[in-house]
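Residue-level listing of the chains:
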Amino acid sequence: MTENYTQEMVSDRRRLHQRPEEGWTEFETTFFIVKRLEKLGFTILMGRRLFKEELIMGRDEHIVEAAMKRAAEHGVSDNFLKRTEGFTGCVGLWDTGRAGPVTAFRFDIDALPIQETDAPEHEANAGCFASERPGLMHACGHDGHTAVGLAVAHWIADHAAKLKGRIKLIFQPAEEGTRGALPMSESGILDDVNYMVGSHIGNACHLGEVGLCISGSMATTKIDVRFTGLSAHAGLAPEKGRSALFAACNAATTLAGIARTSQGETRVSVGKLIAGEGRNVVAAHALMQAEVRGSTEEANQFMTEEVLRITQGIGQTYNVACDCQIVGRATTLMSTPKAIALLDEVARGIGSVKTVKRFDNVGGSEDCTWLIRKVILQGGEAAMFIFGCNHHGHHRGDFCIQDTQSLPVGFEMFTGFLIKTNAC
């Protein structure tokens, strides 16, 4: 069954890999997806209706406008860009016309601000499909996720006569930074869903392995902190300046010392700090990008409040303005026994899968947790799985997935699940 779709899936993944786009700017990717879904006969939802706008985080209108201009220059039609209303992502709807459950699958579509390695042995270089956009790369496998989603769509169209109920394929923007799923989860698109499944490639699973995610994904908050001081000549009149750079550096090191909490395991990271104008100028501006995580919502909230308290206090100490903005959030992972059992049955029936693992401590964070939680709390069944690849680590310039071997497993997991839930 899978062989008929593998070539298309691999070709799509490699084409998407060449044109990576960051979250909220995936206009070329959305165009590619929508064209395919419409050709297959899906009804498309896109634009503002996909999001509860007051919950959107980490979206910059100026960056979005620039991305739309770039997409137009690379063949995305003006008519399509108008249809997006400035919002990327889409949902493909398939109504069989027969009574049955509503099943939803999530596929994330964004890339990362990472430079792809130029090592000749790297799979994208060896296969001539490396990123064409300097400083951007699909370094987490979302190109593969999207390709699997499109192959699943093709399978649904091919097997429509044998299916019942309705199917929703959610192509979600802005997973990186945990920005896209929360506003989608509260937009109404999940209100009638009975089954919800998300997935990820790699993580702790290698080729031939599938992981069933019971629980353990960490809640997280992404925080941008902007310090604004006063510039001055560093040699002639340093007392007239107020250094945003020193404040930011102090904050970065102080955050590492946040006390642990009995409410759960915690993490804190300062991943980026940009500051200063020149060596002889008291720095008036600094941007610090930080994140916290917690194994419980309570632990994550504790860490969030500590970051806000400490940075504001340091701003006062250095007599600089401090503005904190929450730009992303994810919650802890939930699952239901029925959904896990169905995924387990499917995984054990795939010939190339040699090992099925269960994870009670998935680690990391994933904003599909919002979609899963929404469905479970309204009485549905939901879970997430991992399909393996042999990688060097996510969010690296040499991330690779062995697409001809890994993607068919993801495809068979989703289509196998549909056979169990929506087959006539």
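Above this text sits the structure in question.
Residues numbered from 1 in each chain as written. Predicted model: local features only at pLDDT ≥ 70, side-chain atom pairs only at ≥ 80, totals over all residues. Heavy atoms only, no water.

(A) Summary view of the packing of helix α1 (residues 3–18) against helix α12 (residues 403–422). Look at α1 against α12: their axes get within 10 Å of each other, and the N-to-C directions meet at 110 degrees. Judged by the angle between their axes, α1 and α12 are roughly perpendicular. In this structure, α1 crosses over α12, and the sense of that crossing is right-handed. Taken together, the residues of α12 that come into contact with α1 (itself represented by Tyr5, Thr6, Met9, Val10, Arg13 and Arg14) are Asp403, Thr404, Leu407, Pro408 and Phe411. Its residues assigned to classes, the contact of α1 with α12 comprises six nonpolar, two polar and three charged. (Axes fitted to C-alpha atoms, helices over the stretch in contact; angles between N-to-C directions. Helix = DSSP H or I, 4+ residues; strand = E, 2+ residues; numbered from the N terminus. Parallel < 35°, antiparallel > 145°, perpendicular 65-115°, else oblique. Left-handed = near helix turned anticlockwise from the far one by under 90°. Contact = heavy atoms within 4.5 Å. Nonpolar A, V, L, I, M, F, W, Y, C, P; charged D, E, K, R; others polar.)

(B) The arrangement of the sheet that holds strand β7 (residues 219–228) in detail. If you walk across this open sheet you meet the four strands as β8-β9-β7-β10, and the pairing is antiparallel. In this open sheet, the two edge strands, each paired with only one partner strand, are β8 (266–275) and β10 (321–330). Across the sheet, the mean angle from the axis of one strand to that of its neighbour is 15 degrees, orientation sign disregarded. For β8 and strand β9 (residues 285–294), the ladder comprises nine bridges, and the chain directions are antiparallel. From the neighbouring strand, Ala275 faces β9, where its bridge partner is Ala286. (Pairing = 2+ DSSP bridges.)

(C) Geometry of the side chain of Thr178. As for its position among the elements, Thr178 is in the loop between β4 (166–172) and α7 (181–185). Thr178 has contacts with Met57, Thr220, Lys222, Gly328, Arg329, Ala330 and Asp367, leaving out every residue within four places of it along the chain.

(D) Representation of the sheet that holds strand β3 (residues 102–108) within the structure. Spatially, β1-β2-β4-β3-β5-β12-β6-β11 is the arrangement adopted by the eight strands of the open sheet, whose pairing is mixed. Sheet topology places β1 (43–46) and β11 (355–359) at the edges, where each strand pairs with a single neighbour. Taking each pair of neighbouring strands and ignoring which way they run, the sheet shows an average axis angle of 20 degrees. Running at roughly 10 degrees to strand β2 (residues 90–95), helix α2 (residues 27–40) makes contact with β1, β2 and β4 of the sheet. With respect to the sheet, helix α11 (residues 368–377) is in contact with β3, β4, β5 (195–201) and β12 (381–387), its orientation differing from that of β12 by roughly 150 degrees.

(E) Structural context of the packing of aromatic side chains. For the coordinates displayed, the defined rule picks out 12 aromatic pairs. In textbook terms, an aromatic cluster arises when at least three aromatic residues are bridged by ring pairs, as seen for Phe105, Phe107, Phe171, Tyr195, Phe385, Phe387, Phe414 and Phe417. Positioned above the aromatic ring of Phe87, the side-chain terminus of Arg59 is 4.0 Å from the ring centre. (Phe/Tyr/Trp six-rings, centres within 6.5 Å; stacked < 30°, edge-to-face > 60°. Lys NZ or Arg CZ within 6 Å of the ring centre and 35° of its normal.)

(F) Representation of the nonpolar core in the model. Judged by nonpolar contacts, the single largest core of 103 residues is most densely connected at Ile156, Leu169 and Met196. In terms of residues, this core owes the most to one element, helix α6 (residues 142–158), which gives eight residues. Leave out the neighbours within four places in its chain, and Met196 touches Ala104, Phe105, Arg106, Leu190, Cys368, Leu371, Ile372, Val375, Glu381, Ala382 and Ala383. Grouped together as the second largest cluster of nonpolar side chains are 19 residues, Ile223, Ile310, Ile314 and Val320 included. (Core = buried A, V, L, I, M, F, W, Y, C linked by side-chain atoms within 4.5 Å. Buried < 20%, exposed > 50% of the residue type's maximum accessible area, 1.4 Å probe, protein only.)

(G) Looking closely at the pattern of salt bridges. All chains considered together, the criterion is met by 27 salt bridges. The salt bridge partner of Glu209 is Lys357, with a shortest N-O separation of 3.1 Å. Here Glu209 is found in strand β6 (residues 209–213), whereas its partner Lys357 is found in strand β11, with 148 residues between them in sequence. Classification of Glu209 as buried rests on a relative accessible area of 14%. Residues joined in a network through salt bridges with shared partners are Arg13, Arg14, Glu123, Asp143 and Asp403. (Salt bridge = Lys/Arg side-chain N within 4 Å of Asp/Glu carboxyl O.)

(H) Just the packing of α2 against α6, in detail. As a packed pair, α2 and α6 sit with axes 10 Å apart at the nearest point and diverge in direction by 10 degrees. When the interaxial angle is binned, α2 and α6 end up roughly parallel. Mapping the contact onto sequence places Phe32, Ile33, Arg36, Leu37 and Leu40 in α2 and Thr146, Leu150, Ala153, His154 and Ala157 in α6. Along the lines of polarity and charge, the residues of the contact of α2 with α6 split into seven nonpolar, two polar and one charged.

(I) Inspection of unusual backbone geometry at higher detail. Unusually for a residue other than glycine, Ala174 sits at a positive phi of about 55 degrees. Of note, Ala174 is situated in the loop between β4 and α7. Although it is not a glycine, Thr178 sits at a positive phi angle of roughly 50 degrees. Taking the relative accessible area as the measure of exposure, Thr178 reaches 4% and is therefore buried.

Keep in mind that these numbers describe shape and distance, not what the molecule does.
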